[in-house]
Amino acid sequence: MKLDIEFVRSQFPAFAEPVLQGQAFFENAGGSYTCGAVIDRLTRFYTQRKVQPYAPYAASMLGGAEMDEARARLSALLGVEADELSFGPSTTQNTYVLAQAFGQMMQPGEAIIVTNQDHEANTGPWRRLSERGIEVREWRINPETGHLNPADLEDLLDEKVRLVCFPHCSNVVGEINPVTQITALAHAAGAFVCVDGVSYAPHGFVDVGTLGPDIYLFSAYKTYGPHQGLMVIRRALGELLPNQGHHFNGGTLYKRFTPAGPDHAQIAACAGMADYVDALFAHHGGALAADAATRGMAVHDLMRAHETGLLQQLLDAVKSRNSVRLIGSDKADARAPTVALALNRPGEEAARDLAARGIMAGGGDFYAGRALSAMGVDPEKGVLRLSFTHYTSQAELDQLLEALDDVL
Ligand SMILES: Cc1ncc(COP(=O)(O)O)c(C=O)c1O
């Protein structure tokens, strides 16, 4: 079945917004449009339920129940238990808390592995553990292709390694890393695995339970939701790591790694992300009786098929231009629709020229300076990044290709 793009776009108020008409959005990796279901829930929470949750009066009970609903439904879509999912202010803040917990658990002389493909959020906080005597080993990308080779990881693994951190896909290289294969290598060596799924999750929720990592992180504001970081921490690891919350919350898995009070309204509104996935599933003929992880993966596959069709056209249009270095693979099947181009001028300049042609795109290093430097791209100059999702239409892609003809 093909994705019904008209139905998809009807679920996002931004596409009907007069001030955005004529503007084609290609900076989705920075933050997506928000679906109507999320906006409606947020409005309802702020107008009807904005009181301290979990108290014995109606507005409060409804607010608390909606927060629980968000965790229950999203965790089910992700194929994990409800208390294995927690919400924090952002993925970056979540990794800082997790790194603190690992720092308290690990002994000097033990090691972690980080990559130079990651966004800073899933590498900087871990690298700082070296200040506590923990050895930090770097799993490096191929400087030409940006590829992370699992065989190179094998050379870094030994019995000292407690944790391997890597991205599901990088926000500049775009290549989809084989999470299950990498996780199996790390687990065989006795290490835990932390995957940054921020650049992948907007292209479909995955069944994290089946995929295998111990930690899977992503950001709701890039995934059609409000500004929250979602973090799956599997039980065995979550109960082993020291509690980072109030001492009396330590017995509740989903409270152990979110020391601050949560943003009640935004957590409740995250249930709208599940509403959206279920609406897509039902619209495309799915039987809602199917279990949640199955629904999630079916919607993932619908999104991905639409995206790869558009993505290959974009890759073909840029890959052989003399003025462009395409970062990462030129095969849509191998990557997410997050396409970084190194030019002979700053990426931001090109983004400005595109803006004049109704294209919303970004330029810079996107906090992935380590990956760009490793590939010989000057992070000061940065790249032009063109990123889209399943709600992007053929007409918008055509508008982009036409504008690129002028600008590149
Ligand atoms: C791949 C990747 N990881 C992590 C982050 C950080 O996410 P947050 O803004 O929720 O801290 C980003 C944000 O751009 C990202 O692109």
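Going by the structure above, here's the rest.
Since the model is a prediction, treat every value here as computed from it, not as a measurement.

Basis of the calculations
- Residues numbered from 1 in each chain as written.
- Predicted model: local features only at pLDDT ≥ 70, side-chain atom pairs only at ≥ 80, totals over all residues.
- Heavy atoms only, no water.
- Near = heavy atom within 4 Å.
- Polar contact = N/O pair within 3.5 Å; in protein donor to acceptor, adjacent residues only side chain to side chain.
- Areas by Shrake-Rupley, 256 points an atom, 1.4 Å probe, with all protein chains shown as cover.
- Nonpolar A, V, L, I, M, F, W, Y, C, P; charged D, E, K, R; others polar.
- Pairing = 2+ DSSP bridges.
- Helix = DSSP H or I, 4+ residues; strand = E, 2+ residues; numbered from the N terminus.
- Axes fitted to C-alpha atoms, helices over the stretch in contact; angles between N-to-C directions.
- Contact = heavy atoms within 4.5 Å.
- Salt bridge = Lys/Arg side-chain N within 4 Å of Asp/Glu carboxyl O.
- Buried < 20%, exposed > 50% of the residue type's maximum accessible area, 1.4 Å probe, protein only.
- Right-handed = clockwise from strand over helix to strand, strands pointing away.
- 1 Å grid on protein atoms, 1.4 Å probe; cavity = no way out; pocket = protein on both sides within 12 Å on 5 of 7 lines; lining within 4 Å.
- Points joined across faces, edges and corners; volume = space filled by probe spheres on them.
- Phe/Tyr/Trp six-rings, centres within 6.5 Å; stacked < 30°, edge-to-face > 60°.
- Lys NZ or Arg CZ within 6 Å of the ring centre and 35° of its normal.

### Looking at the site of the ligand
Thinking step 1. In the vicinity of the ligand, the residues found are S90, T91, T92, H119, A121, N171, D196, V198, S199, S219, Y221 and K222.
Thinking step 2. In the model, a nitrogen atom of the ligand is placed 2.5 Å from a nitrogen or oxygen of the D196 side chain.
Thinking step 3. Expressed as a share of its isolated accessible area of 390 Å², the protein-covered part of the ligand is 89%.
Thinking step 4. A breakdown of the residues in the shell around the ligand according to their chemical character gives three nonpolar, seven polar and two charged.

### Here we look at the sheet that holds strand β10 (residues 338-343)
Thinking step 1. Read across the open sheet, the four strands follow the order β9-β10-β13-β12; overall the sheet is antiparallel. With one partner strand each, in any of the chains shown, β9 (324-326) and β12 (362-364) form the two edges of the open sheet. Neighbour-to-neighbour, the strand axes of this sheet turn through a mean angle of 30°, independent of strand direction.
Thinking step 2. The pairing of β9 with β10 spans three bridges and is classified as antiparallel. Paired with V324 across the two strands is L343, which belongs to β10.
Thinking step 3. Packing of helix α13 (residues 347-355) onto the sheet brings it into contact with β10, β12 and β13 (383-387), and relative to β13 it is tilted by some 50°.

### Notes on the sheet that holds strand β4 (residues 135-139)
Thinking step 1. The sheet built from seven strands is open, its strands ordered β2-β8-β7-β6-β5-β3-β4 with mixed pairing. A single partner strand is all that each edge strand has here, and the edge strands are β2 (85-88) and β4. Across the sheet, the mean angle from the axis of one strand to that of its neighbour is 20°, orientation sign disregarded.
Thinking step 2. As paired elements, strand β3 (residues 111-115) and strand β5 (residues 161-167) share three bridges and run parallel to each other. Across the sheet, the residue bridging to I113 is V164, located in β5.
Thinking step 3. Contacts from helix α4 (residues 91-105) reach β2, β5, β6 (192-196), β7 (215-219) and β8 (229-233), with the element oriented near 155° to β7.

### Focus on the pattern of salt bridges
Once their charged atoms are close, side chains differing in charge can pair, the charge on each being opposite to the other.
Thinking step 1. All told, the structure shown has 28 salt bridges when counted by the stated rule.
Thinking step 2. R73 is the salt-bridge partner of D275, the closest N and O atoms lying 2.7 Å from each other. Highlighted residues: D275 in helix α11 (residues 271-283) and R73 in helix α3 (residues 58-77), separated in sequence by 202 residues.

### Here we look at the environment of Y33
Thinking step 1. Within the secondary structure layout, Y33 lies in the loop between β1 (24-25) and α2 (36-49).
Thinking step 2. Sequence separation between Y33 and F205 is 172 residues; the distance between their C-alpha atoms is 16 Å.
Thinking step 3. When sequence neighbours within four positions are dropped, the list of residues in contact with Y33 reads F12, A14, F15, L20, F25, N28, Y224, M360 and Y391.

### A word on the pairing of β5
Thinking step 1. Across the seven residues of β5, seven count as buried, placing the element largely inside the fold.
Thinking step 2. Inspection of the sheet shows β5 paired to β6 by five bridges, in the parallel sense. If you follow C165 over to β6, its bridge partner there is C194.
Thinking step 3. In this fold, the crossover linking β5 to β6 by way of helix α7 (residues 179-188) has right-handed handedness.

### Observations regarding the environment of A188
Thinking step 1. Secondary-structure assignment places A188 in helix α7.
Thinking step 2. By relative accessible area, which is 71% here, A188 ends up exposed.
Thinking step 3. In sequence terms A188 and A236 are 48 residues apart; their C-alpha atoms lie 16 Å from each other.

### Quick word on empty space enclosed by the protein
Thinking step 1. Scanning all chains against the criterion turns up two cavities of 30 Å³ or more.
Thinking step 2. Roughly 60 Å³ of volume is contained in the largest cavity.
Thinking step 3. A201, G204, F205, T223, Y224, M273, Y276, V277, G296, V299, H300 and M303 are the residues that line the largest cavity.
Thinking step 4. Going through the elements one at a time, α11 and α12 (292-318) are the ones with two or more residues in the lining of the largest cavity.
Thinking step 5. Residue composition of the lining of the largest cavity, by class: eight nonpolar, four polar and no charged.
Thinking step 6. The calculated volume of the second largest cavity comes to roughly 40 Å³.
Thinking step 7. Taken together, N28, A29, V198, S199, P202, H203, K222, T338, S387, F388 and T389 form the lining of the second largest cavity.
Thinking step 8. Counted by class, the lining of the second largest cavity contains four nonpolar, six polar and one charged residues.

### A few points about the side chain of T115
Thinking step 1. Residue placement: T115 occurs in strand β3.
Thinking step 2. For T115, a relative accessible area of 0% translates into the label buried.
Thinking step 3. Side-chain polar atoms of T115 contact the backbone nitrogen of Q117, separated by 3.0 Å.
Thinking step 4. Ignoring any residue separated from it by four or fewer positions in sequence, one finds T115 in contact with T123, R127, E138, W139, L148, C165, F166 and P167.

### Re the pairing of β3
Two faces belong to every sheet, and in a regular strand the side chains alternate between them.
Thinking step 1. Of all five residues making up β3, five are buried, and the element is well covered by its neighbours.
Thinking step 2. Of the two faces of β3, the one carrying A111, I113 and T115 and the one carrying I112 and V114 are both buried.

### Here's the deal with the packing of aromatic side chains
Thinking step 1. Applying the stated rule across the entire model yields 15 aromatic pairs.
Thinking step 2. Aromatic side chains Y224 and Y276 sit 6.0 Å apart centroid to centroid with 70° between the ring planes, which places their arrangement in the edge-to-face category. Here Y276 lies in helix α11 and Y224 lies in the loop between β7 and β8, a separation of 52 residues in the sequence.
Thinking step 3. According to the relative accessible area criterion, Y276 is buried, its value standing at 3%.
Thinking step 4. Among the aromatic residues, ring-to-ring pairing joins F12, F15, F25, Y33, Y224, Y276 and Y391 into one connected group.
Thinking step 5. The ring of F15 has R9 sitting right over it, with the charged end atom 3.9 Å from the ring centre.
Thinking step 6. A cation sits over an aromatic face here: R71 above Y254, 3.5 Å from the ring centre.

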